[in-house]
Amino acid sequence: MSGMKKFLYICIFSLLPVLACATVRGVNVRVDDVALSADSVRLGDSLSTSSPKEDEPLISYSMTAKEYTIAGIEVSGAETYDKAVLIGYSKLRVGDKIKVPGEQITKAVKRFWKQGLFSDAKIYAEKISGDKVWLKIELEQRERISEINISGVKEKKKEDILGAIELKKNGIVTPNLISRTKEAIKKHLSGDGYRNAEVDINTRNDQNRKGFVVVNIDIDRRDKVKVHRIYMSGLDQMKESKVKRGMKKTKEKKLVNFFKSKKFIDAEYANDKGLAIEKFNEFGFRDARLLSDSVVEYKENRVDVYMHFEEGRKYYFRNINWVGNTIYSSDVLTAALGIKKGDVYNQKLLNSRLFSDDDAMSNLYLDNGYLFFNVEPVETKVEGDSIDLEMRIYEGQQAVINNVVIKGNNAIYENVIRRELRTKPGELFSKTNLQRSARELAATGHFNPEKMDIRPEPNPENGTVDIVYNLEQKKNDQVELSFGYGPSTGVTGSVGLRFTNFSIKNIFNKSAYRPLPQGDGQNLSLSFSTNGKYYTSASIGFTEPWLGGNRPTSLSTSLYWSRQSGVNSRYYSDNYYNNALYDNTSYSAYSAAVDRNKYIMTMGASVGIGKRLDWPDDYFSLYWELSYRHYTLHDWDMLEMSYGSANNLSISATWSRNSVDNPYYARRGSKLSLMLQLTPPYSLFKDNTRINSLVDRYRAGSPKEEFRGLAEDEYQEMQQDLFRWVEYYKTEFKMQTFTPLSSNQKLVLMTRAEYGFLGYYDSYRRSPFERYYVGGDGMTGSSYTYAQTAIKVRGYGNGDLTPRDAYSSKYAGNIYSRLSLELRYPLMLETATTIYVLGFTDAGNSWRDFSDFNPFDLKRSAGLGVRIFLPMIGLIGVDWGYGFDLSKSMGGGHNFHFVIGQEF
């Protein structure tokens, strides 16, 4: 019976084609816009049971397939494509033998579908004659994109969106692609906080290009979605505030988060959930879990976040055992680890103490050549709330440096770079030396510290390591062009050239000129400034950082000259450098105020030797300088000396330490300097009786008299004898620290403290030069450049914190103190540009004598500023400060300060 059923089924299915009486005029395969498998290609759009037309060939599917030879192939419906190429896609060629009906036609249609260029493909048998067949390929090509228009966002965001989507000019467009594009744009906008953005995409035919469409993308971003509140439950011992601080990007709207983004971004929230658990782990809750969470709309652009935790038990470190250590004892390793029995179990702290801290335990090995060292902490026992750890150490062999490879340098002689490195072939590998080498390279200013990539490439087979320095050249030469305006000095222009890769030995080597001879890392600086009438100065300086090329001993030399003219006697100025010039009866033109017969002229030269020290550590250096300055004055009423000439021969020693990690935007480290400068005590070697008596008469005289009771020749004799050879001693202490306040080390706190004192050997001969001119921006750019030292205290006018001499009413700042705090944040840290903003508080003052000195009597100020470092310009910036402790008429209140070519 079963065999009979099978026989009947075979008969029925064999007769179905005949019963259907299926006749077609050709083969018609239609490919829809949806993805079809090879087996799902549908036949039958042209199946017909009606009688065929006389000119149409009959193909009966009820009969056995017949073999034909292709006599011709035509293509229609794809005007933008080459017909020969399309025929090639089909892999049907004139002269080929095919079976009709047969699979060759079906495969040809599938090939067109796989190209993704056509929405419909049909192949007809246009004519059959004998054993020959003429085929026609009829295609319907997909539309291509001629233009993409985006509305609703700014131009920069349009570029970002175009880079994030699949739609491209000249690409095909399908409903599926448009749908994916919508989702991609929404996801992209959600990453910026626009979680509720709406996207509409429509197309229209391009009237100028057949087969092309214009795609219009309309975006309605709506308001950014922000976090209203974060609700946490399940917390017993753990404080909610600590968990919330652990979440870096998902912040609720509260005062403590005023400077932080409150945007809600799904991807960042997903990451913050992991960070929240890590915060639990830091406090010993190693089993903490997030059981559930949800994001609920509070209102249209606000969401509430609900998080339910399970804290678990709080754990503590108990026994820590070391295994595999032979170089260092367990006691030494435990002391270096710094974790004691009973401390809260903190996996993050454990990893930091093992690997990442500056004084991490692993540094004991890594600084002694054990590059292949590894340690694996394993929990061996968990009992109650206590955890025992076993530190499994693999010490390995010591690694010797084989090759030191420098890449990315194309302007400096390689020996100039190598002399700064602490990693030498043949020496044992040291992590500290590697880090110090990076710092020294950054300090040269020739390479971008943000892009510096230093890679140890170990070779375990032979116990060596290659050190590869991947550097990015940074243009460090500077051309400083600046203009300034002061109501009493008018417009002042200056130009400065600073070449940091100068090579004096290549002066006669034309190939080394770019535009000056380069390659040896020497410094050459030239500057010139003038306002035409009042002030002109020029200087040149040269520094060889490695005298002789073998040791870090520097040689510095400089020459300088300046001339400052005074004001005509018809004019007076209450504060020459801050206030406009007034006539005795009316305002007067600036050009009429200059008096070329009143002037101070300064000429000078200096030579210095600097040496790096090994004690107390190798961040210290000692710098000795011998300098000479000659002053010529005529009727100059800004200093205690008005006529004659003065000579200033001094020697100074500066003991300093500099461990700052980056000269352009320091994140960590400090600067410290202690300077002593002195001249010979000339007054000890001559009889001063007559001159001292003249000084006593002068001080006792009436200030209403021109020379306070002295004859003019006596006055000039007194000044010339007192200051022919200036005598003094000077000490200064300066300190700066840089501390990162954020985990990404971008937010940095800078602190500064400075103290200075100008002393004397003889009270009759207190130097009118080298005094402190305190207040303002410290960039007076006049005779004070060499005659006095300008000290910046923002928020006040230039010199407003400088006391006056009781007898001469001239500036007499012999002691100063300055304190500063700056909070800095970078906006751009690129090879070509460094930009950061800052908020500051300053406090400073100056005094004439120690009897007046009060370290707590400081004039306070606060303000904001910005700094921009450009390779060919240098550092420029502007500060706005408000001085709290002087009235506006005295120089306090609102003040703007400009910074050019120097850091405050």
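Here, every reference points to the structure presented above.
The notes below deal with the structure included here.

Definitions and cut-offs
Residues numbered from 1 in each chain as written. Predicted model: local features only at pLDDT ≥ 70, side-chain atom pairs only at ≥ 80, totals over all residues. Heavy atoms only, no water. Helix = DSSP H or I, 4+ residues; strand = E, 2+ residues; numbered from the N terminus. Buried < 20%, exposed > 50% of the residue type's maximum accessible area, 1.4 Å probe, protein only. Contact = heavy atoms within 4.5 Å. Areas by Shrake-Rupley, 256 points an atom, 1.4 Å probe, with all protein chains shown as cover. Core = buried A, V, L, I, M, F, W, Y, C linked by side-chain atoms within 4.5 Å. Pairing = 2+ DSSP bridges. Polar contact = N/O pair within 3.5 Å; in protein donor to acceptor, adjacent residues only side chain to side chain. Axes fitted to C-alpha atoms, helices over the stretch in contact; angles between N-to-C directions. Nonpolar A, V, L, I, M, F, W, Y, C, P; charged D, E, K, R; others polar.

The next subject is the overall build of the protein. Within the protein one finds 15 helices and 40 strands. The buried share of the protein, reckoned over its 904 residues, is 45%. By sequence separation, contacts in the protein at least 24 residues apart represent 62% of the contacts at least 6 residues apart. For the protein, the computed accessible surface area is about 46100 Å², with 53% contributed by carbon and sulfur atoms.

All right, on to the nonpolar core then. In terms of nonpolar packing, the biggest core is built from 33 residues, with Leu633, Met718 and Phe769 touching the most fellow members. Mapped onto this core, the elements with two or more residues apiece are β29 (620-634), α13 (689-700), α14 (712-723) and β34 (771-774). Those residues in contact with Met718 that lie beyond four places of it in its chain are Ile691, Leu694, Val695, Tyr698 and Leu710. Of all hydrophobic cores here, the second largest spans 23 residues; its members include Ile70, Phe118, Ile123 and Val133.

It is worth spelling out the pairing of strand β28 (residues 594-612) at this point. Note on strand geometry: in a regular strand, side chains alternate between the two faces of the sheet. In this structure, strand β25 (residues 553-567) lies alongside β28, joined through 15 bridges in antiparallel fashion. Bridge pairing links Gly566 to Asp595 in β28. Across 14 bridges, the pairing between β28 and β29 is antiparallel. Across the sheet, Arg612 pairs through a bridge with Ser621, a residue of β29.

Attention now moves to the side chain of Glu420. The residue Glu420 is located in the loop between α11 (414-418) and α12 (431-444) in this model. Within the local environment of Glu420, its side chain forms a polar contact with the side chain of Arg612, the two groups lying 3.2 Å apart. With residues near it in sequence (within four places) discarded, Glu420 still touches Ser437, Glu440, Leu441, Thr444, Trp546 and Arg612.

Our focus in this paragraph is the packing of helix α2 (residues 83-90) against helix α3 (residues 103-115). Between α2 and α3, whose axes approach to 8 Å, the crossing angle comes to 115°. Within the contact between the two elements, α2 uses Leu86, Tyr89 and Ser90 and α3 uses Ala108, Arg111, Phe112 and Gln115. In terms of residue class, the contact of α2 with α3 is built from four nonpolar, two polar and one charged.

The next subject is the side chain of Asn647. Turning to its location among the elements, Asn647 is positioned in strand β30 (residues 644-658). Of note is the side chain of Asn647, whose polar atom sits 2.9 Å from the side chain of His630. Not counting residues up to four positions away in its chain, the partners in contact with Asn647 are Tyr628, Arg629, His630, Phe723, Arg724, Trp725 and Val726.

What follows deals with the sheet that holds strand β6 (residues 97-100). Picture the strands of a sheet paired through backbone hydrogen bonds; they go either parallel or antiparallel. Spatially, the four strands line up as an open sheet ordered β6-β5-β8-β7, and their pairing is mixed. Edge positions in the sheet fall to β6 and β7 (118-129), since each of these pairs with one other strand and no more. For this sheet the average axis-to-axis angle between neighbouring strands, irrespective of direction, equals 45°. Alignment of strand β5 (residues 66-76) against β6, held across four bridges, turns out to be antiparallel. By the bridge assignment for β6, Thr69 is matched with Lys97. Each of β5, β7 and β8 (132-141) is contacted by α2, which is oriented at about 145° to β5, the strand it contacts most.

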